[in-house]
Amino acid sequence: MGGQLRLQPRTEQKLVQLFMYLMTSIAVLVLVFILVVILRNGLPQLSLEFLTHNPADMGREGGILSTIVATIFLTFIALLVATPLGVGTAIYLTEYTVESRVTRIIRFGAECLAGIPSIIFGLFGFILFVNKLRFGWSILSGGLTLAFMVLPTIIRTSEEAIKAVPSAYRLVSFSLGSTRWQTVTRVVLPSAIPGIVTGVILSIGRSIGETAAVIFTAGSALRMPNSLFSSSRTMSVHFYILAKEGVSMPKAYGTAAVLVISILVINIVTYYLMEKYIKRKS
Amino acid sequence: MKQRGILVRDFSHYYGQTRSLNRINLDIYRNEILGIIGPAKSGKSTFLACLNRLNDLIPGSRVEGKILVDDQDIYGPEVDVVALRRKLGMVFATPVPLPLTIYENIVFGVRLLGNNNRRELDQVVEDSLEKAGLWTEVKDRLHTSALKLSGGQQQRLCIARVLALKPQYIMLDEPTSGLDPISTMKIEDSLRSLKKDYTIILVTNNTKQAARIADRTAFFMMGELVEIDETPVVFTRPSDKRTEAYLEGKFG
Amino acid sequence: MENWRFKPRAKRVSASRLKRESRLCQPGFLLFLLLLVALAFFPSCRTGRRGHSLVVAGSTSIQPFADKWAEVFMEKKPGEIVDVQGGGSSAGIQAVRTGAAHIGMSSRELKGDEKELYQIEVARDGLAIIVHPSNPLDNITIEQVRGIFQGDITSWETLNGQKKAITVVVREEGSGTRGAFQELVMGKSRITKKAIVQDSNGTVREIVSRDPNSIGFISLGLVNESVKTLALNGVKPTEEAILKKEYKLVRPFLFLTKEAPTGLAKEFIDFILSEEIQELVHKEGLIPVRRSSRPEGSL
Amino acid sequence: MTKLEKNDRLVKLSLLVIALSAISVLAIITVFIFEQGTPIMFRYGLKSFLLGQDWYPSEKSFGLLPMIVGSLMVTLGALLIGVPLGLASAIFLTEFSHRRLTRILKPVIELLAGIPSVVYGFIGLMFLVPFIRNNFGGPGLSVLAASLILGIMILPTVISIAIDSIRAVPDSYREGSIALGATRWQTVRMVVLPAARSGIIAGIILGMGRAIGETMAVIMVAGNAADIPGSILAPVRTLTSNIALEMAYASGEHREALFATGVILFVIIMILNTIANVTSTRQRKK
């Protein structure tokens, strides 16, 4: 719908259109403003040194290497746990069962999980991993908490991707003598991979940007993580602390720029993947 | 001497409460082409699905009576469904190449058995494509996507894919319904040549196609087998008024 | 009904409707195995036992300093790891009692059965009452402070003549700084509900430095040029005044252990009490506790 | 055959185990939060938690009403800002703008959904709070600041879901309406929006969930006074920020009370989820 249809000009229409135009401009400008502020103040801070040196003097000096490493480790653990769980759940829901009370419960559970605020995940991770399981504030606690947080995203996107695989493929595969598992692994999953990857990448973005759930589970120790059990400060926590406590505005902007750029890159890659996927399917 | 391959005895099929096949009795001989004709929703396709138990995939599907394939009750407790489906290869109405290369499409079923011997696979690909009459057209681009083939080529690819399974029966469900006359002709040609090695069950809503290539023809209507006989007999002297009416195009 | 049939016009089968059957059980838990293996090989697990690092947790007032001390300590002793965590005084006390931390940090005096812990005073800190640099006020009485923070005095008018509403900024419940402030200034009175609450000294300072009408309290060690400290009852919060016990808002920085410190914990505590670090403590605005090597009156 | 069935069952079973363990996460979270949070609520009485106005944990006074009201106010504020802006943008981008513009702007807006909430909070702290303080008075850290920031944060969600559901309205509806002589705006108002309504509502509810659950950005700009705000320029504390502010330092009953805060938040979110679920089911039935 291009809006090209010729209509008799009416004042109401004109006014509404003007109003909509204004609102859209405000919305877009505000969002772009945020981006521009971060990038304009942050990009000048970026240098190879910023990325390859550890923070010193509480983040006033040095770079953000350790926080980048911590972010990567945390995200890696989160996905390592959430991807098999999420994709497995999606396979079960779509391929191995018919709609029943069990699937409804699982789906409802996933939906509820998706709606739980990250602070609740943080509370939970703090009690379970940090305290009860005695992992302490650590990469492991933080990663597992994030895994639970992104799980619904992975389940939902994988399920959609799997559902989008034409059922004819399954029928053909069965008629050629596949078992169900063979059908899943040889026909369904390969076709659904782009969609699943999209979900995983989205989860990476969420993990990188998360603060509330991480600060209570991974802690905020400002040093290079060297084991699963070391407490570490991720980029977003680092940014939060730098910015809020006024430690160093230039470093805060620099960190924010890295954060925003990596998330933008991730989202653009996802978007590109999805476009490609949609194109291929049609 | 005609040898009986498939025996269907008092066979009924239900989707939930609805009966879709009602007490079918028929025999299918080895190395014949059995044409199955009938109006839409007459149970033809259901019948095919019952023969290789693809109907299992539908919740609420239920059967009564017996189907014996090579003297084995295919609804018996000891049946290996996977082996049964390899024995009765199936070609669907719309060509469905898997999103793989031509080569991988053909060897899909072979690989399922764990056979990854390159030489054997190459041989299978060549033989199957040859038999399906596609070899010369695609031999230079075996490793390109099967989705790039034309509709007719795709359908012959599907036939070749079934042949690679080394089945004994080939079931085709309106294989030419979406194709142009030339592709249709090519497929009919390959079916005729396949007859000497395979038993072919051809569901078609094109009565002329049955007349052209079927040895015998069965007429299904509303889940019932109305009549089955040598093709010329069915087409020239049908014993049932409904058959006659259908062939004359009074409904369908 | 017949929608499983694959015909051009036929609808697609909903994926969930295909079911049953499978032969080769390629292990369904293969994924799980993969995960376990990957976890086992996680690059740094080899160095990974927590027992090797010293966990220090507690007061967020002490944390920034302890972080720095740990930084220097680890530089001096490569291979040793000191993990400094916030959590607050109460949590620090709790952590050391349960064994979650080797050393607890408290910025308030211990009370009740907490006193059974082994405590080492590593520094002392003054609480500074801070306002925006543009605020003409220099001196305030402790009663005025109390009045402001319990919400009775809501305008700057009686204090500096400006007809502006006071923005009160405090720390959150449970923080050592607030605990100290409550104890030293407020006594039994409640801090007003209308006060803006922030969860770190740095944030309180940031807010006060930006809002011309605000007043707050932070650790003396964290005061910088962005805010102005007020004299309390005529006494400026200087080290001298604190040592002379003229400035009243002072609290101890305590390191706590379950038993008398041993091993790495002892090394770390001794290190902090060393001349070098106490020097650093001083430079950062805290009041050192170890003064033996410093001649009297050299401040 | 028996082996085949056994293997089949094994695969299915392991997948079921995976699926159930994924979902048991929800159960575990629920159990943990409730286990930690409910005892204290019953010890002091539900009423004193839900209706108490004084939050002084050190004095054993755990009134959460200011935070409940705060969360609701801020969320309402966010919706008042985010929904009109978001809906207008969505309608403009689907019905009135050039296709090419939409093709550029929609991805841009969706990209912005990925920006971490701390960044929004930071921008609020740096630009919005001083602006409010200098122009409207008060400390700047306020209901207004929090609502504005949250409103902006939920914009991408509201816009992209609204766009999707407006696009899902068949063109034939529009053509039919225009053929009857309606203007484009009349078509949108009387045909398109009603048809897309439940999708739009689902998007709004999702945005609402995001607003009520947001923590860090709110802490940065809301001022966090544990008092029922007297005006939109007064500071406010939400349930989420109550937890995040004090959790790290709390112990004993104080910590339990924070978990109780979590329980209340959890219940509110679940109610919202159920509403969203019912709405989307109703949409499906249509």
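Residues numbered from 1 in each chain as written. Chains lettered and ligands numbered in written order. Predicted model: local features only at pLDDT ≥ 70, side-chain atom pairs only at ≥ 80, totals over all residues. Heavy atoms only, no water.

1. Quick look at the domain arrangement of chain D
All names here are of chain D.
- Assigned domains of chain D: these are domain 1 (3-44) and domain 2 (55-285).
- Both sides of the domain 1 and domain 2 interface together cover about 1100 Å² of buried area, and 76% of this is carbon and sulfur.
- Sorting the residues of domain 1 by area buried against domain 2 places Ile 33, Ile 40 and Tyr 44 first, and these three jointly supply 41% of that buried surface.
- One can count 2 salt bridges joining domain 1 with domain 2.
- The salt bridge involving Glu 256 is made with Arg 43; its shortest N-O contact spans 2.9 Å.
- One can count 3 residue pairs in polar contact (both at pLDDT 80 or more) joining domain 1 with domain 2.
- Of the residues assigned to the side of domain 1 that touches domain 2, the class counts are 8 nonpolar, 4 polar and 1 charged. (Domains from an automatic or database assignment. Buried area = accessible area lost by both parts, 1.4 Å probe. Salt bridge = Lys/Arg side-chain N within 4 Å of Asp/Glu carboxyl O. Polar contact = N/O pair within 3.5 Å; in protein donor to acceptor, adjacent residues only side chain to side chain. Nonpolar A, V, L, I, M, F, W, Y, C, P; charged D, E, K, R; others polar.)

2. Focus on the interface of chain A and chain D
- Contact with chain A, which involves 78 residues of that partner, is made by 81 residues of chain D.
- Seen at the junction of chain A and chain D, the total is 1 salt bridge.
- Taking the shortest distance from any N to any O, the salt bridge between A:Lys132 and D:Glu35 comes out at 3.9 Å.
- For the side of chain A that touches chain D, the per-class residue count stands at 58 nonpolar, 15 polar and 5 charged. (Contact = heavy atoms within 4.5 Å.)

3. Some details on helix H10 (residues 239-247) of chain D
- For H10(D), a buried count of 9 out of 9 residues is recorded, marking the element as mostly surrounded by other parts of the structure.
- Looking at H10(D), one finds that the buried residues are D:Leu239, D:Thr240, D:Ser241, D:Asn242, D:Ile243, D:Ala244, D:Leu245, D:Glu246 and D:Met247. (Buried < 20%, exposed > 50% of the residue type's maximum accessible area, 1.4 Å probe, protein only. Helix = DSSP H or I, 4+ residues; strand = E, 2+ residues; numbered from the N terminus.)

4. Let's talk about a positive patch on the surface
Residue and element names in this part refer to chain D.
- Residues Arg 99, Arg 100, Arg 103 and Arg 167 make up a contiguous surface patch of positive charge.
- For the positive patch, the leading source of residues is helix H4 (residues 99-112), giving 3 residues.
- Position of Arg 100 among the secondary structure elements: in helix H4.
- Overall, the relative accessible area of 66% leaves Arg 100 in the exposed class. (Patch = residues over 30% accessible without salt bridge, like charges linked within 9 Å, V, L, I, M, F, W, Y side chains within 5 Å. Areas by Shrake-Rupley, 256 points an atom, 1.4 Å probe, with all protein chains shown as cover. Lys, Arg positive; Asp, Glu negative; His and termini not counted. Charge placed at Lys NZ, Arg CZ, Asp CG, Glu CD.)

5. Concerning the packing of helix H3 (residues 65-95) of chain A against helix H6 (residues 139-163) of chain A
Residues and elements named next belong to chain A.
- Here H3 crosses H6 at 35°, and the two axes come no closer than 6 Å. Between H3 and H6 lies a crossing of right-handed hand.
- Considering only residue class, the contact of H3 with H6 consists of 23 nonpolar, 7 polar and 3 charged. (Axes fitted to C-alpha atoms, helices over the stretch in contact; angles between N-to-C directions. Left-handed = near helix turned anticlockwise from the far one by under 90°.)

6. A short note on the pattern of salt bridges
- As enumerated under the stated definition, the model contains 48 salt bridges over all chains in all.
- Residue C:Glu173 pairs with C:Arg178 through a salt bridge whose shortest N-O separation is 3.6 Å.
- When its relative accessible area of 9% is taken as the criterion, C:Arg178 is described as buried.
- Between D:Glu95 and D:Arg174 there is a salt bridge whose closest N-O contact spans 2.9 Å. A residue pair is termed long-range when its members are at least 10 positions apart, and D:Glu95 in helix H3 (residues 65-96) and D:Arg174 in helix H7 (residues 171-179) qualify at 79 residues.
- What you see here is one network of salt bridges that share partners, running through C:Arg190, C:Lys193, C:Lys194, D:Asp54, D:Glu59 and D:Asp227.

7. A word on the nonpolar core
- Judged by nonpolar contacts, the single largest core of 333 residues is most densely connected at B:Leu51, C:Trp69, C:Ile215 and C:Phe268.
- The biggest single contributor to this core is helix H6 (residues 143-167) of chain D, with 15 residues.
- Once residues within four sequence positions are removed from consideration, C:Phe268 is found in contact with C:Leu54, C:Val56, C:Ala66, C:Trp69, C:Ala70, C:Phe73, C:Val82, C:Ile103 and C:Phe255.
- Counting 10 residues, the second largest nonpolar core, distinct from the first, contains A:Ile201, A:Ile208, A:Met235 and A:Val258. (Core = buried A, V, L, I, M, F, W, Y, C linked by side-chain atoms within 4.5 Å.)

8. Observations concerning the sheet that holds strand E7 (residues 169-173) of chain B
Residues and elements named next belong to chain B.
- Overall, mixed pairing links the 6 strands, which are arranged E6-E7-E8-E3-E9-E10 in an open sheet. Strands at the two margins of the open sheet, each flanked by one partner only, are strand E6 (88-91) and strand E10 (224-230). Strand-to-strand twist of the sheet, defined as the mean angle between neighbouring strand axes without regard to direction, takes the value 15°.
- Judged from the 4 bridges that link them, strand E3 (residues 33-37) and strand E9 (residues 216-221) form a sheet pairing that is parallel. (Pairing = 2+ DSSP bridges.)

9. Section: the pairing of E6(B)
All names here are of chain B.
- Along E6, one buried face is formed by Leu 88 and Met 90 and the opposite face, lined by Gly 89 and Val 91, is buried too.
- Relative to E7, E6 runs parallel, the two sharing 4 bridges. Its bridge partner being in E7, Val 91 is matched across the sheet by Leu 172.

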